[in-house]
Amino acid sequence: MLKSPAQSTPTTPLSVEKTKSEIADQEAKFTLNAKDKYFAWAFLGPSLLILGVFIFYPMVKTLYLSLFLTNTVGKTTVFVGLSNYINLLTSADYLSSLGVTLFYVFAVTIITIALGLVLANLASKRLPGIGIFRTLFSATMGVSVSVAAIFWLFIFNPSTGFLSLASTWLHLPQIPWLTDPTAAMWAVIVTTVWMNLGFTFLILLGAMTSVPTTLYEAANIEGASSRFQFFHITIPSISPTLFFVSIITLIESFKSFGLIDLMTKGGPTNATNMLVYRIYKDAFYSGNYAQASAESIILTIIIALFTLLQFKVLEKRVNY
Amino acid sequence: MMKKFAAFVKTYALPIFAVFAIVLGIAFVNGSKNASTAKAGRIPVVFWNEMGGPAEVALDKIVDDFNKSQDKYEVIPQYQGAYDEAVQKIIQSHGTSASPALFQSFDISTAQMMHSKYTTPVQKFIDEDNYDTSDISPVARSFYSNKGTQLAMPFNTSQPVLYYNASLFKKYGVTSPSKSPSYSEVTRAAKELYEKSHHKVKGMTIEIYGWLMEEALANAHTSLINNGDGHTGNPTKINLNNPTTQKFLKWIRTNIKSGDFVNYGSGASAETNEIAAFLANKLGIFVQSSAYIGQLTTGTKNKLGISYFPHPDGVKANGVGIGGAALWISNDKPAKTQRGAWEFIKFTQTAKNQAAWQKATGYLALNKNSQKTKILKDLYKKIPSAKVPGEQLANAKPNNTNSGILMEGMQLTRELEQTAMETVYNGGNINSALNTADTAMNANLKTTNKADGR
């Protein structure tokens, strides 16, 4: 049987422990005198100030706004307690937005990672001309959101788009890509995956090429199939990177805005009205700052929960 | 690796730095060019607007002409992006040094601007100057007024019209729609075109756009909200589920079922797609803002046909309301600056300026004397159908139902109207779609009234 790198080098965890206890010893000896404290504040002050003005104050203000109603000019008028939250969480409209967002986020993350792995695995083979494919597969990294959206809008155009023409030639039924609620969701997912793929591919490829070749050589000697090698050497070895990429993709998808704004504007029938887009619309279209603030707080909690969950669950399965 | 990198930095650091410096320098020079400083001795009037593309060029020309025409004021135009976001920017910056003296704000923000009390109604200046407004389109004026007070001056104005590809109609031998067509007439034309072209040409489309549904109500003389669509008092009840809306949606449903209708969805992409399809001879008829005439007549050999906005069968057309935006004067600037803003507004309304504006942008000339100018006469000679939207505008007699809906929260109302339309276009039940919209709109109206203490 093959051993994972962590098992084969049992000294690694011990040495980490050692350095940790050394640091703890140093910290115990380290006490601040008045002058040091002054310096500490002088150095920390600017960043605290910036964080305070741009992060903490807006957060507190958002929380405050979410407990009121706001009038025509966005000023708070009537204190309503938690009723903004209650209204949201009992509104079928908002809950469907939540469901739609979760579907989108998971679909994008799973498909991006899966395709990224396939492409990276193909491109990690040392073959003549592989550089061309590596460049092609990572090419979408250089595409901006607006360009991607316009490019795909052309493809999805119901009269003159490529997909519509292709289905006419092949005598397939026409899919109304951006006007049918289910199809529109997939149109947005496809575009997002396409955009994310370049970055995911490149990171995964980097991880794959740094897996020690000795492992594969040993596996070859033992006669392991390439499929077995992929699932038992490649995947475990690159699991820290997989963990990183999945977190990034998941959180980025939660924050997806540009594509939605350019492609569907949350429609049709709110089928792609994700949480972030909804916040933007409620605040800057409708001027309903109170409700938008409540939505922001809910979104913050959701993202924090997912990040925590990912760290807790995935970290245990990651092979460092 | 590190060594290589160090060598790379050594070789290229200076050129890279130089490029950065040049880019920064250019950005700085360009930035200072746009800085809002007026020439010495002139009162600056900062003017926020949302005109991009050809309209921005045309607007800059009006501003330039105004600045050259006198030496007291200097209007400084500043582009602010999309209408929706500009409203929030205007409101949130009010009372600060960054706020504009004069701003352009779109049709559905009228009630919001009125209730904000951040503006000086232009009626004040109209009275001071005894300015004669009778030359300016009454249906456009009534949109931005409340109980006889002119709140803002209409500027870029459009009306929805029915466009048809006259060349395609001729090619397939189909009778084109009349000047003021009924729903069934449009259906007949769309269906015949679809059948006679052997399904190569789709008959018609109507964008999923709340504005178009509201105009269908206006044209049938039906109110969307109580208190005369908000013109006689603060609205308290919304009633989208009425026989007129039902008739409108049933009409569209009929066409969807017979296959001649094509759905391009909502928003800017829908407009781009329907225009692309129309110019590519794949679409015969569509209903859209008159502001698209320019795009529909350049780079095509096809003859463009234009009719009035369709009306339900057996109902006399009431005339549609306008869309577009108006010019407002902020009340947080000194009296002299406000006066300068008003002088500029007057300048925008002259027959000549309005005619040039229509020719350059496709928005409609508001001054009735513009029709006598050479600019428009030449335009109509070249494109005869371009005359139709102006006639529709001139023929509309203002009343409460075709003077817009004076209610706060119209942006959200539009959203909900659109969701209802989308539901119906995708095969949903008309009655329940409209009821869902009504419930949400009324809940929102109740919250708005509560928040505003009304």
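Residue indices begin from 1 for each chain and proceed along its sequence in written order. For this description, chains carry letters from A and ligands carry numbers from 1, given in the order in which they are written. For this predicted model, a pLDDT threshold of at least 70 governs which residues receive local features, and a threshold of 80 or more governs which side-chain atom pairs are given and counted, while totals over whole chains, interfaces and linings are taken from all residues. The basis for the side-chain values is all heavy atoms of the structure; hydrogens and waters are excluded.

Counting its regular elements, chain A contains 15 helices and 2 strands. Counting every position in chain A, which comprises 320 residues, the buried fraction comes to 41%. Contacts are assigned to residue pairs that have any heavy atoms within 4.5 Å of one another. Within chain A, counting contacts between residues at least 6 apart in sequence, those at least 24 apart form 68% of the total. For chain A, the exposed area adds up to about 18,300 Å²; of that, 72% sits on carbon and sulfur atoms. In this text, helices come from DSSP runs of H or I with a minimum length of four residues, and strands from runs of E with a minimum of two, each type numbered from the N-terminal end. For every residue, the accessible area obtained with a 1.4 Å probe (protein chains only) is divided by the maximum for its type, and the residue is called buried under 20%, exposed over 50%, and partly exposed between those limits. Surface accessibility follows the Shrake-Rupley procedure with a 1.4 Å probe radius. Residue values consider only the protein chains on display as shielding.

Summing up its helical and strand segments, chain B has 19 helices and 12 strands in all. The C-alpha atoms of chain B give a radius of gyration of 25 Å, which matches the 22 Å a tight globule of 454 residues would have. When the backbone C-alpha atoms are referred to their principal axes, chain B occupies close to 70 × 70 × 50 Å. Buried positions account for 58% of the 454 residues belonging to chain B. Pairs at least 24 apart in sequence give 77% of the contacts found in chain B among residues at least 6 apart. Accessible surface for chain B amounts to roughly 19,300 Å². Of this, 59% is attributable to carbon and sulfur atoms. Here the globule rule is a power law, 2.2 Å times the number of residues to the power 0.38, and the radius of gyration is based on C-alpha atoms.

With that settled, consider the environment of S184(B). Residues and elements named next belong to chain B. Of note, S184 is situated in helix α8 (residues 183-196). C-alpha separation for the pair S184 and G53, spaced 131 residues apart in sequence, amounts to 37 Å. A polar contact is formed between the side chain of S184 and the side chain of D313, at a distance of 2.4 Å. Under the rule applied, a polar contact is a pair of N or O atoms within 3.5 Å (in protein, one hydrogen donor and one hydrogen acceptor; residues adjacent in sequence only if both atoms are side-chain atoms).

Here we take up the nonpolar core. Inside soluble globular proteins, nonpolar side chains tend to come together where they are buried. What we call a nonpolar core is a set of buried Ala, Val, Leu, Ile, Met, Phe, Trp, Tyr and Cys residues that are connected through their side-chain atoms within 4.5 Å. Within the largest apolar cluster, 104 residues are counted, with the highest numbers of intra-cluster contacts made by L102(B), I206(B), F248(B), I285(B) and W357(B). Of all the elements, helix α18 (residues 410-425) of chain B adds the most residues to this core, at 7 residues. The residues touching W357(B), leaving out its near neighbours within four places in the chain, are M51(B), A55(B), A58(B), L59(B), I62(B), F155(B), N156(B), G362(B) and Y363(B). If you look at the next biggest cluster of nonpolar residues, it comprises 35 residues, including Y104(A), L250(A), L275(A) and A294(A).

Before going further, it helps to spend a moment on the pairing of strand β10 (residues 283-289) of chain B. Both faces of the sheet carry side chains from a regular strand, because those side chains alternate between them. Residue and element names in this part refer to chain B. The element β10 is extensively covered by neighbouring structure, given that 7 of its 7 residues are classed as buried. By this definition, two strands are paired if DSSP reports at least two bridges between them. As defined by bridge partners, strand β8 (residues 160-165) adjoins β10 across 5 bridges and the pair is classed as antiparallel. Note on β10: the bridge partner recorded for P160 is S289. Pairing of strand β9 (residues 202-206) with β10 involves 4 bridges; the strand directions are parallel. Counterpart to M204 in the pairing with β10 is I285.

So, on to the packing of helix α9 (residues 210-219) of chain B against helix α11 (residues 243-257) of chain B. Residue and element names in this part refer to chain B. For helices, the fitted axis covers only the stretch in contact; all axes are lines through C-alpha atoms, and the angles between them, taken along N-to-C directions, range from 0 to 180 degrees. As a packed pair, α9 and α11 sit with axes 9 Å apart at the nearest point and diverge in direction by 120°. Judged on the interaxial angle alone, α11 and α9 are oblique. Judged by the sense of rotation from one axis to the other, the crossing of α9 with α11 is right-handed. Note on element contacts: α11 touches α9 through T244, T245, F248 and L249, opposite L212, M213, A216 and L217. The residue classification treats Ala, Val, Leu, Ile, Met, Phe, Trp, Tyr, Cys and Pro as nonpolar and Asp, Glu, Lys and Arg as charged. All others, Gly included, are polar. Class assignment for the residues of the contact of α9 with α11 results in 6 nonpolar, 2 polar and no charged. Orientation categories follow fixed angle ranges, with anything under 35 degrees roughly parallel, anything over 145 roughly antiparallel, 65 to 115 roughly perpendicular, and all other angles oblique. For any helix crossing, the convention is left-handed if the near helix is rotated counterclockwise from the far helix by under a right angle, and right-handed if that rotation is clockwise.

The partner chain B presents 30 residues to the 33 residues of chain A that form the contact. Accessible-area loss on putting two parts together, using a 1.4 Å probe and summing over both, is the definition of buried area adopted here. In this assembly, chain A packs against chain B so that about 2,500 Å² is buried in total across both faces, 52% of it on carbon and sulfur atoms. When the buried surface of chain A facing chain B is broken down by residue, T72(A), V73(A) and Y285(A) rank first, second and third, together holding 24% of it. Think of a salt bridge as a Lys or Arg side-chain nitrogen and an Asp or Glu carboxyl oxygen that are within 4 Å of each other. Between chain A and chain B we count 1 salt bridge in total. The salt bridge involving K281(A) is made with E415(B); its shortest N-O contact spans 2.8 Å. At the junction of chain A and chain B, the tally comes to 12 residue pairs in polar contact (both at pLDDT 80 or more). Contributions of two or more residues to the side of chain A that touches chain B are made by β1 (68-70), β2 (76-79) and α14 (275-285) of chain A. Sort the elements by how many residues they give to the side of chain A that touches chain B and α14(A) lands first, with 6 residues. For the side of chain A that touches chain B, the per-class residue count stands at 14 nonpolar, 15 polar and 4 charged.

Function-wise, these values are silent; they only describe arrangement.
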